[in-house]
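Structural features, examined
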Amino acid sequence: MKVCIAEKPSVAREIANILGASSRRDGYFEGNGYQVTWTFGHFCSLKEPHEYTPQWKSWSLAVLPMIPPRFGIKLIDNEGVKKQFAVIEKLIAEADEVINCGDAGQEGELIQRWVMQKAQCKAPVKRLWISSLTEESMREGFSNLKDQSAFDKLYEAGLSRAIGDWLLGMNATRLYTVKYGQNRSVLSIGRVQTPTLALIVNRQLEIENFKPEPYWELKTLYRETTFSATKGRFTTKDEGEKFLEEIKQSLFEVTDVTTKNGEEAPPRLFDLTALQVECNKKFAFSAEDTLKTIQSLYEKKLTTYPRVDTTYLSDDMYPKVPAILRGLAGYETLTQPVLALPKVPKSKKVFDNSKVTDHHAIIPTGVRANNMSADEQKVYDLITRRFIAAFYPNCKIATTTVLGEAAKVEFKVTGKQILDPGWRVVFEKPANTGANQEEDETDKDDDNILPAFVKGETGPHIPSLTEKWTQPPKYYTEATLLRAMETAGKLVDDEELRDALKENGIGRPSTRAAIIETLFKRNYIRKERKNLYATQTGVELIGTIKEELLKSAELTGIWERKLRQIEKGEYDTRQFIDELKQMLTEVVTNVKNEWGGSITIVEAVKEEAEKPKKKAPKEKKSAGEKKMPKPKKEKEKKPLLCPICGKGTILKGKTAYGCSEWKAGCKFRLPFENGNENFTDEELRKALYK
């Protein structure tokens with residue numbers, strides 16, 4: 001019997017239909033020589049500190065750093081997980097062959113491997129590796145199953161990432177919580193989340209400390225066209241006025257007209273980060289919202305695998321393009337010109353095997369799109385139009401530069417004219433609102449069309465001197481933060497250069513949204529409109545951390561590059577872990593020797609408590625009455641935050657204390673022993689945070 005293990009029940013059902021395993025059993029499908037079962041997310045995790053040695057149960061500086069001699073995994077303490085794992089374990093024990101049908105990525109590989117390890121799988125294992133969940137793609141995948149050993153390096157990279165996150169997260173979080181947390185809250189430190197927080201904090205401090213300075217710009221209006229002085233800015237008003245007076249007395253003369261024809265290639269296909277950036281700009285979607293939406297489209301078979309970091313397609317996708325284009329219902333007027341060509345165009349900017357590893361860029365599958373939510377429709381439309389545009393001709397433009405002078409002061413203006421829209425017709429829409437409208441206005445400015453100027457012509461003009469002030473950098477939005485994470489803090493517009501910097505990006509495309517969400521949940525950052533702001537806790541935490549290794553996006557980017565090299569077999573796993581251990585030991589020693597202090601804890605609990613105030617108009621009290629009693633209540637009923645995840649609260653069960661976030665995967669559990677089941681809140685607080 002061949003046992004297939006999918007990552008979700010819905011995917012298992014699809015696989016069972018294709019393989020003919022039509023009989024439903026408890027926890028699996030069976031038939032035609034196959035048994036198809038499933039996990040649902042992480043079933044296993046690395047063991048908690050106290051499971052290696054009881055000494056590590058207490059939160060104490062004395063036991064740090066915690067470095068297990070050998071890492072072990074355990075089954076997550078959840079009844080649903082235990083029940084389904086028992087099914088998988090039984091099936092694997094009797095299997096002739098196991099087929100790993102997990103999500104085709106690093107995390108998916110890790111989830112399934114840990115399950116098979118825990119179940120002590122002895123049978124040979126094959127790997128299903130697909131980029132979409134269409135029936136055609138699945139059948140093709142099953143006819144080309146690969147040996148599991150081909151993905152050993154992918155698993156090693158995932159394992160190294162998990163161990164690195166455990167070492168840094170467990171140790172640094174306890175280190176800073178005990179040293180600076182005032183026994184009030186967990187100060188969560190993470191290999192990726194802390195450098196990400198540092199990006200936001202550093203930008204915020206740069207803005208707050210910015211001192212605007214005045215400058216003056218000299219411009220002149222000639223034939224309803226504004227020319228700017230090539231000299232640039234004047235730092236004093238007197239200097240600018242001197243030039244202004246000179247040119248007022250002279251006619252304006254056009255000294256040169258240059259027109260250069262050029263072409264603009266279609267925009268790149270989407271990788272996950274680019275899609276999240278675009279959705280944040282256009283629709284104000286959070287990175288997490290976009291990821292959930294594109295994941296749903298993937299599971300509905302409408303788009304390909306989403307957690308990708310490439311904008312290219314592999315050559316083997318080229319023959320499938322016509323069928324995909326024909327399947328895009330509702331887009332016929334756009335696809336018809338491409339399908340009418342003798343051959344679909346093939347560009348190196350779209351198809352490049354050297355730029356594709358496990359998966360290609362996100363594209364539509366060509367499956368008829370039905371039952372989409374409004375948000376899914378928006379995201380699907382972005383992906384589909386970007387895909388169609390990739391096969392359209394370049395946009396032909398003419399860039400005109402006009403130089404002129406008055407009293408020997410040179411002026412310049414540049415305009416762009418679209419000669420042939422090419423791919424731009426794919427994005428033409430009858431009307432736009434909100435963010436789109438703002439973007440369209442910007443495009444109009446960029447495409448500034450100039451009147452016809454002739455070299456040597458002269459005429460009157462209207463000069464002006466305008467006072468302006470230097471502007472601080474802008475606050476991060478999720479869109480700009482994602483780009484900064486992708487390039488380790490270097491904001492780069494050029495796509496080729498951005499590709500080169502991706503190797504040193506922090507986090508992975510699949511995890512960046514979760515990292516940003518974690519910062520919100522920890523109450524380290526908040527959002528106003530689209531802008532991201534660090535809370536007082538976030539600012540003080542980054543200010544307290546003196547170790548650059550913990551907060552530098554560049555250094556974290558180097559670790560990320562090594563993890564990618566492990567995946568490619570270019571870097572040794574053991575060396576990466578040893579480097580982390582050495583770095584961790586140094587960090588712990590340094591922080592222990594720092595002068596103690598404290599960090600202001602801005603708790604999410606308080607924000608929740610404040611919400612009812614706004615929704616209770618009947619209780620009209622004076623300002624003093626509103627402010628005084630509420631904080632007392634918060635102190636009296638203040639819940640204990642979980643020392644592991646920092647976002648859940650401690651609950652008392654029948655045999656142990658647990659975390660309210662256990663359904664979300666938090667593994668905190670403190671068994672009843674030595675009378676601790678009768679602890680007061682204060683006694684329990686001391687036991688948790690000592």
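Up top is the structure these notes are about.
Below is a summary of the structure that appears in this document. Per chain, residues are indexed from 1 in the order of the written sequence. Confidence filtering applies because this is a predicted model: local features only for residues at pLDDT of at least 70, side-chain atom pairs given and counted only at 80 or more, and all residues used for totals across whole chains, interfaces and linings. Heavy atoms throughout the structure, all of them, feed into the side-chain values; hydrogens and water do not.

Quick notes on the sheet that holds strand β21 (residues 669-671)
Read across the open sheet, the three strands follow the order β19-β20-β21; overall the sheet is antiparallel. Strand pairing shows two members of the sheet lacking a second neighbour, β19 (650-652) and β21, which therefore form its edges. Recorded for the sheet is a direction-independent mean angle of 20° between the axes of neighbouring strands. Strand pairing requires that DSSP identify at least two bridges connecting the strands. A run of DSSP states H or I qualifies as a helix once it reaches four residues; a run of E qualifies as a strand once it reaches two. Both are numbered from the N-terminal end. Direction of pairing for β19 relative to strand β20 (residues 656-659): antiparallel, over a ladder of three bridges. By the bridge assignment for β20, Ile 650 is matched with Cys 659. Lines fitted to C-alpha atoms define the axes here, with helix axes fitted over just the stretch in contact, and angles between the N-to-C directions of these axes take values from 0 to 180 degrees.

Examining the nonpolar core
Note on terminology: a nonpolar core comprises buried Ala, Val, Leu, Ile, Met, Phe, Trp, Tyr and Cys residues joined through side-chain atoms within 4.5 Å. With a 1.4 Å probe rolled over the protein chains alone, any residue whose accessible area is under 20% of its type maximum counts as buried; one over 50% counts as exposed, and the rest are partly exposed. Counting 147 residues, the largest nonpolar core has Ile 15, Val 36, Leu 275, Ile 294, Leu 313 and Phe 387 as its most contacted members. If you tally residues by element for this core, the top one is helix α5 (residues 152-180), at 12 residues. Leave out the neighbours within four places in its chain, and Leu 313 touches Leu 269, Val 350, Phe 351, Asp 352, Val 356, His 360, Ala 361, Ile 363 and Phe 387. Within the second largest apolar cluster, 17 residues are counted, among which are Trp 216, Phe 234, Ala 406 and Val 409. Working rule for contacts: check all heavy atoms of both residues, and any pair within 4.5 Å makes them a contact.

Remarks on the pairing of strand β12 (residues 252-264)
Two elements, β12 and strand β15 (residues 458-459), share two bridges in a ladder whose sense is antiparallel. Within the sheet, the bridge partner assigned to Glu 253 lies in β15 and is Thr 458.

Quick notes on the pattern of salt bridges
Here, a salt bridge means any Lys or Arg side-chain nitrogen found within 4 Å of an Asp or Glu carboxyl oxygen. Applying the stated rule across the entire model yields 40 salt bridges. Taking the shortest distance from any N to any O, the salt bridge between Glu 217 and Lys 219 comes out at 3.7 Å. Take Glu 217: its relative accessible area is 19%, and that puts it in the buried class. On the basis of relative accessibility, which here comes to 26%, the residue Lys 219 falls in the partly exposed class.

Section: the packing of aromatic side chains
Pairing of aromatic side chains requires ring centres within 6.5 Å, counting the rings of Phe and Tyr and the six-membered ring of Trp. Pairs whose planes differ by under 30 degrees are stacked, by over 60 edge-to-face, and all others tilted. Tallied over the entire structure, the rule returns 23 aromatic pairs. Look at Tyr 298 and Tyr 305: their rings are 5.7 Å apart centre to centre, the planes differ by 80°, and that puts the pair in the edge-to-face class. Like Tyr 305, Tyr 298 is buried. Through a chain of ring-to-ring contacts, the aromatic side chains of Tyr 222, Phe 227, Phe 252, Phe 411 and Phe 453 assemble into a single cluster.

These values are about where atoms sit, not about what they do.
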